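Structure assessment
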Amino acid sequence: ERDIYMYAQPQIHLTDFKAETPLDADYRNGILKLKVKFANETGKEIPFTVGYRLLNSKDEQIAQSSARASYGQTEVEFTPKTIKEPLQWTAETPDLYTLVISLKHTNGDVIEATSCKVGFRTVEIKDKQLMVNGKPILVKGVNYHEHNEHTGHYVPEDLMLKDFELWKRYNINTVRTCHYPQQERFYELCDQYGIYVIDEANIESHGMGYNLNVGGTLANNPLFMNSHADRTLNMYERDKNHPCIITWSLGNEAGNGVNFYVTYNTLKALDSRPIQYERAQLEWNTDIFCPMYHRPAQIEKYAQNPEMTRPLILCEYAHAMGNSLGNFQEYWNLIEKYPILQGGCIWDWVDQGFLEKDKDGNKYWAYGGDYGKIGTPSDGNFCINGMVYPDRTVKPQTEEMRKVYQNIKFINFDATKQTIDIRNDFSFTNLSKYDFSYTVTANGKNISKEDFKLVLSPNATQTIQLENLPSTEAGPIEYHVLFEAKIRNAEPFLPAGYVISHEQYSINPLEKA
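A short tour of the structure in this document, coming up. (Residues numbered from 1 in each chain as written. Predicted model: local features only at pLDDT ≥ 70, side-chain atom pairs only at ≥ 80, totals over all residues. Heavy atoms only, no water.)

Section: helix α5 (residues 296-303)
- All of the buried residues along α5 are Pro-296, Ile-299, Tyr-302 and Ala-303. Looking straight down α5, one finds that the buried residues subtend no more than 125° of arc, so they occupy a single side. Exposed residues on α5 whose side chains face more than 90 degrees from its buried face are Ala-297 and Lys-301.
- Structurally, α5 contributes buried residues whose contacts are with β17 (312-317), α6 (328-335) and β18 (341-346). (Buried < 20%, exposed > 50% of the residue type's maximum accessible area, 1.4 Å probe, protein only. Helix = DSSP H or I, 4+ residues; strand = E, 2+ residues; numbered from the N terminus. Arc of directions from axis to C-beta. Contact = heavy atoms within 4.5 Å.)

Structure below.
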């Protein structure tokens, strides 16, 4: 249920390429590693060259190389090139370069060329934490099924862009592609706008259970090894060049066993990015402990166990059905307390309902038993468990998520000393780019406002002295103070003046009559 396309290539053509763009050991310079595969199907010994150019955002060339292909040769692996202090790609700073790869006749005429966006970044697990460019990150994520209230699994680009807008506005930085890879355009948009991706292979055999005995889980049945391997490699080969992908996921709820041992080792031999798989639990074939629906007490127990060496990132949590996310802050109090806890992906993003009309023309969303004859088996409302409605209208829990996921925290307010601590939970962003203010209200009406600016490095905290706050004594007027951080210069999906973080505190108790 996706767009498809056909294309023609010349007889001398590109067949594949792999571009790796890690940082050096000091996380300062970039390294471009490129392997290009090609074919000559003319049956003739025709000389040609294989080359690349690397361009910055101004289309200025910053690196290039070429090599002459011998007859019968099918690939070229270029000498790694050091790029001095490139702009680094993260979800907070999605800086991209354009890689142009071409085959040319010896006279310089282009036979075939292609391009892709690349980003310089290193993803690794170090000191029990998932790191991007040498810095630990927090995964503020959602699970993302393809859904359109009109066309089901067919999602056009304009609807995808609406999701990206909401993700940016509601402080989401990570998407897990449950439980299959997304369409190709999705990854290009994640590269462009800055979304970390947990890319998941199209494998789920939950109905077969997890029993390792013969006839049990398909994960431990060698007859299905090729099926597991093919789906994993299809994902990897198509998506390998995207900087947004920080983790590979072997699948979902498909048991564990020999087939997942093979797919884990296969990906490890091909790529440096971490691999996760929930059903591996604490076995060796997952680099991240990624349970689903562990409760706060369970993740704290893990964090307090000194024998645990892998970061815990919940692949699914905070099931968003009905009036949900009531204890969401409890999770994040712990995640922000223990370095080994690094977040998770809410289940899930969008209600999977279909727009229908009743006999009077009133619109409603249908699901489950609304289709088929009476008695037709269904999961009822079990697919209505999203953070947003099918048309992407937000819910109360969407606002809860935005508040808990915000990256600027206003904490430790002291009305007597008139101070507030501001904590920068970004990993790569200085708070100097935002405008700050605090507004005092009296019985809900604004009576004063002060603006200020702040220079604060990632993961740092600073105490701010406030001015002219009302008395903290109990009285007939109830005073509150609202702190806000706003976008100063417009960013994609975020207009100037948009509030990205806020917190309200009471200044005094209300005197009882």
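Digging into unusual backbone geometry
- Omega for the peptide link from Cys-178 to His-179 comes to -20°, which places this bond in the cis form.
- The residue His-179 is located in the loop between β13 (174-176) and α2 (184-193) in this model.
- Backbone geometry places Leu-325, a non-glycine residue, at a positive phi of 65°.
- Of note, Leu-325 is situated in the loop between β17 and α6.
- Residue class for Leu-325 comes out buried when judged on its relative accessible area of 6%.

A closer look at the side chain of Glu-253
- Inspection of the secondary structure puts Glu-253 in the loop between β15 (245-249) and α4 (258-270).
- One buried charged residue, Glu-253, remains without a salt bridge, the closest side chain of opposite sign being Arg-279 at 7.2 Å.
- Only 3.2 Å separates the side chain of Glu-253 from the side chain of Asn-252, close enough to count as a polar contact.
- For Glu-253, the contacting residues outside a window of four places in its chain are Glu-204, Ser-205, His-206, Tyr-210, Tyr-277, Glu-278, Arg-279 and Met-292. (Lys, Arg positive; Asp, Glu negative; His and termini not counted. Salt bridge = Lys/Arg side-chain N within 4 Å of Asp/Glu carboxyl O. Polar contact = N/O pair within 3.5 Å; in protein donor to acceptor, adjacent residues only side chain to side chain.)

A word on the packing of aromatic side chains
- Applying the stated rule across the entire model yields 34 aromatic pairs.
- For the pair Tyr-264 and Trp-284, a centre-to-centre distance of 5.6 Å together with 85° between the ring planes defines the contact as edge-to-face. Highlighted residues: Tyr-264 in helix α4 and Trp-284 in the loop between β16 (275-276) and α5, separated in sequence by 20 residues.
- Given a relative accessible area of 8%, Tyr-264 falls into the buried group.
- Classification of Trp-284 by relative accessible area gives partly exposed; the value is 45%.
- Ring geometry for Phe-354 against Tyr-371: centres 6.2 Å apart, planes inclined by 90°, an arrangement best described as edge-to-face. Here the residue Phe-354 occupies a position in strand β19 (residues 354-357), and Tyr-371 occupies one in the loop between β20 (363-366) and α7 (396-405), the gap between them amounting to 17 residues. (Phe/Tyr/Trp six-rings, centres within 6.5 Å; stacked < 30°, edge-to-face > 60°.)

Thoughts on the pattern of salt bridges
- Counting across every chain of the model gives 27 salt bridges.
- The partner of Glu-165 in a salt bridge is Lys-162, and the shortest N-O contact between them spans 3.8 Å. One end of the pair, Glu-165, and the other, Lys-162, are both in helix α1 (residues 157-169), 3 residues apart, so they sit about a helical turn from each other.
- According to the relative accessible area criterion, Glu-165 is partly exposed, its value standing at 22%.
- Residue Lys-162 is classed as partly exposed on the basis of its relative accessible area, which comes to 31%.
- With its nearest N and O atoms 2.9 Å apart, the salt bridge here joins Glu-200 to Arg-176. With Glu-200 in strand β14 (residues 196-200) and Arg-176 in strand β13, this pair connects stretches of sequence that are 24 residues apart. In this pair, the class of Glu-200 matches that of Arg-176, namely buried.

Topic: the sheet that holds strand β12 (residues 139-143)
- Pairing within the open sheet is parallel, and its 7 strands lie in the order β16-β15-β14-β13-β12-β18-β17. Only two strands of the sheet have a single neighbouring strand rather than two, namely β16 and β17.
- Bridge analysis of β12 against β18 gives 4 bridges, and the strand direction is parallel. Looking across to β18, one finds that Gly-141 is bridged to Cys-345. (Pairing = 2+ DSSP bridges.)

A look at the environment of Gln-64
- Summarising the element assignment, Gln-64 is placed in strand β4 (residues 61-69).
- Residue Gln-64 is classed as partly exposed on the basis of its relative accessible area of 40%.
- Through-space distance from the C-alpha of Gln-64 to that of Ile-101 is 9.7 Å; in sequence the pair is 37 residues apart.

Notes on the sheet that holds strand β10 (residues 129-132)
- With antiparallel pairing, the 3 strands of this open sheet are ordered in space as β9-β10-β11. Two strands bound the open sheet, and with one partner strand each, they are β9 (123-126) and β11 (135-136).
- Of the strand pairs in this sheet, β10 and β11 are connected by 2 bridges, and their pairing is antiparallel. Its bridge partner being in β11, Val-132 is matched across the sheet by Lys-135.

Examining α6
- Along α6, the positions that sit buried rather than exposed are Phe-328, Tyr-331, Trp-332, Leu-334 and Ile-335. Buried residues of α6 fall within an arc of 155° about the axis and therefore sit on the same side.
- Along its buried surface, α6 packs onto β12, α5, β17, β18 and α7.

A look at the nonpolar core
- Of all hydrophobic cores here, the largest spans 78 residues; its most connected members are Trp-167, Phe-186, Phe-328, Ile-346, Trp-349 and Met-401.
- Not counting chain neighbours up to four residues away, the residues in contact with Phe-186 comprise Tyr-144, Met-160, Phe-164, Trp-167, Val-175, Thr-177 and Val-197.
- By size, the runner-up hydrophobic cluster in this structure holds 28 residues, among which are Phe-410, Tyr-438, Tyr-479 and Ile-500. (Core = buried A, V, L, I, M, F, W, Y, C linked by side-chain atoms within 4.5 Å.)

A closer look at the packing of α6 against α7
- Relative orientation of the contacting elements α6 and α7 amounts to 15°, with a least axis distance of 10 Å. Put simply, α6 runs roughly parallel to α7. The hand of the α6/α7 crossing is right-handed. Mapping the contact onto sequence places Phe-328, Gln-329 and Trp-332 in α6 and Glu-400, Met-401, Val-404 and Tyr-405 in α7.
- When grouped by side-chain class, the residues that make up the contact of α6 with α7 number 5 nonpolar, 1 polar and 1 charged. (Axes fitted to C-alpha atoms, helices over the stretch in contact; angles between N-to-C directions. Parallel < 35°, antiparallel > 145°, perpendicular 65-115°, else oblique. Left-handed = near helix turned anticlockwise from the far one by under 90°. Nonpolar A, V, L, I, M, F, W, Y, C, P; charged D, E, K, R; others polar.)

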